Amino acid sequence: MAYERAVSTRSPDLTRPLLFFAAALGGSLVPVAVVFHHVMLSPGSIYIGKNQDSGQFMWYLGWFWHAVAHGLNPFLTNAMNAPFGVNLMRNTSIAAEGALFGWLMYLTNAVATFNFVVAFTMVGIGTLTALILRRLGVRAAIAILSGILLECAPPIINQLVDGHINLVSAPMFLLLALYLAVIAIQAESKQDTPPPPAWRRLVLGVSIGCALAMEFYSSSEAFATTVLMAAGFIVLSLLFNPKPTLLAVRRVLSTAYISAGFVLVILALPGLAVFFSGADWTPVTGPLMPSDHFVTDVAQLLTPTRAQFLHTSLTNRITSRTKLNLAETDGYLGIALVLCALWASVRLWSKRSARALIAFIFCAIVLSLGPRLHILGVTTHIVLPWAVINRLPMMDNAFPSRLMIYVDLASVLLIALAFETFIRSGRVVWRTMSSLALLLITIAAWLPTPRFPTQTVPSSVIAVEPGGSLYPLLNGHVTTVLTQGYWTFGVDMQFLAEDHYTVPVNNVYAFPYTHYAMSGSLARKAANQLLFTAGYTSAHKSSTEQALMQYIKTRQPQRFLYVSNVGGATMPSVLYDALTAVCGAPAVQSGDMVWTVPNRARLGSLQ
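Residues numbered from 1 in each chain as written. Predicted model: local features only at pLDDT ≥ 70, side-chain atom pairs only at ≥ 80, totals over all residues. Heavy atoms only, no water.

This part covers the overall build of the chain. Along the chain, the regular secondary structure elements total 24 helices and 10 strands. A buried classification covers 59% of the 607 residues belonging to the chain. Partitioning the intrachain contacts of the chain with sequence separation of at least 6 by distance along the chain shows that 80% fall at a separation of at least 24. Of the roughly 24,700 Å² that the chain leaves accessible, carbon and sulfur atoms contribute 67%. (Helix = DSSP H or I, 4+ residues; strand = E, 2+ residues; numbered from the N terminus. Buried < 20%, exposed > 50% of the residue type's maximum accessible area, 1.4 Å probe, protein only. Contact = heavy atoms within 4.5 Å. Areas by Shrake-Rupley, 256 points an atom, 1.4 Å probe, with all protein chains shown as cover.)

Laid out in structure tokens, this is it:
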């Protein structure tokens, strides 16, 4: 890709690859330090993210190895939504991250493991971007700063506001596959040298397949959009640069690199089988979210959000009008990056391969706008291509705004390659310094806010973790956790992971059970719809006891658990009285309460 000469040309300082790798690794730690400087004070109890999703991912991180160690299917679970269970492949279950890092939970805890995975994936994005650009002939300083730039991309930083590590890990696995693909293409394209041996081709092919499989098991949505965008880029390359594209495809398909596809299919089959099977596991019926909701608003393209350091009260008012969750406001490019990308487009337009990349950026932006054009929160009647794309398999549940990660990746590659040609064409020192300055300005526009959202685990959860006084009452017993609402249960998943899944729960925080997908059957499938404590602030004692008995008969909980200071839960007196009337006085420790459900209650009798 980009300009052909750079692909096979190496600068003199490439004679020290380990030194460059160390420098790239060190540079990628800068954004991590900005995001994590509060977490560093206590990485085992303070974690990234402002809502319940972080706790949910902690639960998912540990489940994979727990399931394997106990002979269970890692893609299904009865530890949530008992007795119905959850199809984890239809949720953000991050099996790849769990397989790679979940074992750390046995050495540390769920919070520390979660923080490590976030930091590791951020560093991986920055370092792999730099390595790819070095392979493409970009000098070290430009490559390292470009890696830092992509690491600060809004689709990465903003998603971390909600702790969405799957949408940070997936780009890292994609970059790993790209890096290996560049190595493979370069090996096949070398002139006057024999082709690489079959074993090396096979190793590269298998490695690429494994990297793509990891992306699939990190986020099936991200993998599906990667396939879509890769197909689009190949089509554009055939249009703008047909002969070299066909030659590259022919060379790759005629060698052992075809093993990449074979390995990908073999590794993905177990997950796909579970994803599409519905036996005993509630299938998704229809889109999880409205197709016209999580899209890029035109105003977002030049407006920083509260997740970026250079935001103001004015930009906050503009982004608030888009009515999007901050984590899904991924469309920010910024004036600096837009100007650099326009300059790079003009400079590299004579290169056929660069034209394909430029067209790809434009098409990806258009697709991210969703099925209809949105301007300052106003949905117009202008229909866009996504109205057709979202009817493709697995595209109905994809968020168009998340396609901006491909825009940012392509833009960073384009700009870095343009700076390299600019430096080589004249006074090297002056051009290098000016290029580095422009990259620093662009990084500053994307730099995350030092006041990045974090949460601290309340001390009250100690009572329900192993070693706590209430844990023996919960260990091995199906429990309903009393929460503020359906969404807030994700916070409680943190200490349930610390319990190593020894406390199965009726609760669930999983997409197939949201009101977007299965509102008709929520009354039977939802975990504690009858017991959201916010709904009992004005309830009557008799109606509360009646609803409680109906819930016990339907879901058969053995314990009820209230954990203070977690998930915004409060304990209305009417619910406390109803639970005590049915189950007897609770065991209390540090504000936490456990009610033991008598057998007679599960049989539906108060007598």
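For the pair helix α9 (residues 198-218) and helix α12 (residues 259-276), the least separation of the axes is 7 Å and the interaxial angle reads 30 degrees. With respect to α12, the axis of α9 lies roughly parallel. Helix-helix and strand crossings are classified by hand; for α9 and α12 the assignment is right-handed. Taking contact as the criterion, the partners of Leu202, Gly205, Val206, Ile208, Gly209, Cys210, Leu212, Ala213, Phe216 and Tyr217 in α9 are, on α12, Ser259, Ala260, Val263, Leu264, Leu267, Ala268, Leu269, Pro270, Gly271 and Leu272. Per-class residue counts for the contact of α9 with α12 are 16 nonpolar, four polar and no charged. (Axes fitted to C-alpha atoms, helices over the stretch in contact; angles between N-to-C directions. Parallel < 35°, antiparallel > 145°, perpendicular 65-115°, else oblique. Left-handed = near helix turned anticlockwise from the far one by under 90°. Nonpolar A, V, L, I, M, F, W, Y, C, P; charged D, E, K, R; others polar.)

Moving on: the sheet that holds strand β8 (residues 559-562). Strand order in this open sheet of four strands is β7-β8-β10-β9, and the pairing throughout is mixed. The open sheet has two edge strands, β7 (479-481) and β9 (587-589), and neither has a second partner. Ignoring which end each strand starts from, the neighbouring axes of this sheet average 15 degrees apart. Pairing analysis gives four bridges linking β8 to strand β10 (residues 592-596), with the strands arranged antiparallel. Of the residues in β10, the one forming a bridge with Leu561 is Val594. (Pairing = 2+ DSSP bridges.)

A cluster of nonpolar side chains, contributed by Trp65, Val68, Trp103, Tyr106 and Leu107, occupies part of the molecular surface with about 520 Å² of accessible area. Within the element layout of this structure, Tyr106 appears in the loop between α4 (95-101) and α5 (110-135). (Patch = residues over 30% accessible without salt bridge, like charges linked within 9 Å, V, L, I, M, F, W, Y side chains within 5 Å. Salt bridge = Lys/Arg side-chain N within 4 Å of Asp/Glu carboxyl O.)

With that settled, the discussion passes to the pattern of salt bridges. Counted by the stated rule, this structure contains five salt bridges. Arg402 is the partner of Glu221 in a salt bridge, and the nearest nitrogen-oxygen pair spans 2.7 Å. Here Arg402 lies in the loop between α16 (386-389) and α17 (404-424) and Glu221 lies in helix α10 (residues 220-240), a separation of 181 residues in the sequence. The two residues Glu221 and Arg402 agree in class, both being buried.

In this section: empty space enclosed by the protein. The tally for this structure, following the rule as stated, stands at five cavities of 30 Å³ or more. Empty space within the largest cavity amounts to approximately 230 Å³. Surrounding the largest cavity, 21 residues form its lining, Leu167, Pro171, Arg402, Ile405 and Tyr406 being those nearest its centre. Broken down by secondary-structure element, the contributors of at least two residues to the lining of the largest cavity are α7 (154-161), α8 (166-189), α10 and α17. (1 Å grid on protein atoms, 1.4 Å probe; cavity = no way out; pocket = protein on both sides within 12 Å on 5 of 7 lines; lining within 4 Å. Points joined across faces, edges and corners; volume = space filled by probe spheres on them.)

At the junction of Ala82 and Pro83, the peptide bond is cis and its omega measures out at 5 degrees in the coordinates. Relative to the helices and strands, Pro83 is located in the loop between β2 (76-77) and β3 (86-87). In this structure, Ile94 takes a positive phi of about 40 degrees despite not being glycine. Its location among the elements puts Ile94 in the loop between β3 and α4. At Leu376, a residue that is not glycine, the phi angle is positive and equals roughly 55 degrees.

Counting 163 residues, the largest nonpolar core has Phe36, Trp59, Phe114 and Met122 as its most contacted members. By residue number, the principal contributor to this core is α17, which donates 16 residues. Look past the residues within four positions of Phe36 in its chain and what remains in contact with it is Ile48, Asn115, Val118, Ala119 and Met122. Ile552, Met571, Ala578 and Val597 belong to the second-largest nonpolar core, a separate cluster that totals 17 residues. (Core = buried A, V, L, I, M, F, W, Y, C linked by side-chain atoms within 4.5 Å.)

This brings us to the pairing of β8. Along β8, one buried face is formed by Arg559 and Leu561 and the opposite face, lined by Phe560 and Tyr562, is buried too. Pairing of β7 with β8 involves three bridges; the strand directions are parallel. From the neighbouring strand, Val481 faces β8, where its bridge partner is Leu561.

Attention now goes to the environment of Ala585. Within the secondary structure, Ala585 is located in the loop between α23 (573-583) and β9. A C-alpha to C-alpha distance of 8.7 Å links Ala585 and Thr596, two positions 11 residues apart in sequence.

This next bit is on the packing of aromatic side chains. Throughout the structure, instances matching the rule amount to 20 aromatic pairs. Judged by centre distance (6.2 Å) and plane angle (45 degrees), the ring pair of Tyr551 and Phe560 falls under tilted. A single burial state applies to Tyr551 and to Phe560, both of which are buried. Grouped by ring-pair contacts, the aromatic residues Phe57, Trp59, Tyr60, Trp63 and Tyr501 constitute a single cluster. Between the NZ or CZ atom of Arg134 and the centre of the ring of Phe20, over which it lies, the distance is 5.1 Å. (Phe/Tyr/Trp six-rings, centres within 6.5 Å; stacked < 30°, edge-to-face > 60°. Lys NZ or Arg CZ within 6 Å of the ring centre and 35° of its normal.)

Attention now goes to helix α15 (residues 352-368). Along its 17 residues, α15 runs 25 Å from first to last C-alpha, staying within 8% of the 24 Å computed at 1.5 Å per residue. The buried fraction of α15 is high, at 13 of 17 residues. At the exit of α15 stands Gly370, carrying a positive phi of roughly 90 degrees. (Expected span 1.5 Å × (residues − 1).)

On to the confidence of the model for the chain, then. Confidence in the prediction for the chain averages 87 pLDDT; 89% of positions are at 70 or higher. Scored below 50 in pLDDT, residues 279-284 makes 17 contacts in the model with residues more than four places away or belonging to other chains. (pLDDT = per-residue confidence, 0-100.)

Inspection of the secondary structure puts Ser460 in the loop between β6 (454-456) and α19 (471-474). A polar atom in the side chain of Ser460 sits 2.7 Å from the backbone oxygen of Ser564. Residues in contact with Ser460, not counting those within four places in the same chain, are Val563, Ser564, Asn565, Val566, Ser590 and Asp592. (Polar contact = N/O pair within 3.5 Å; in protein donor to acceptor, adjacent residues only side chain to side chain.)

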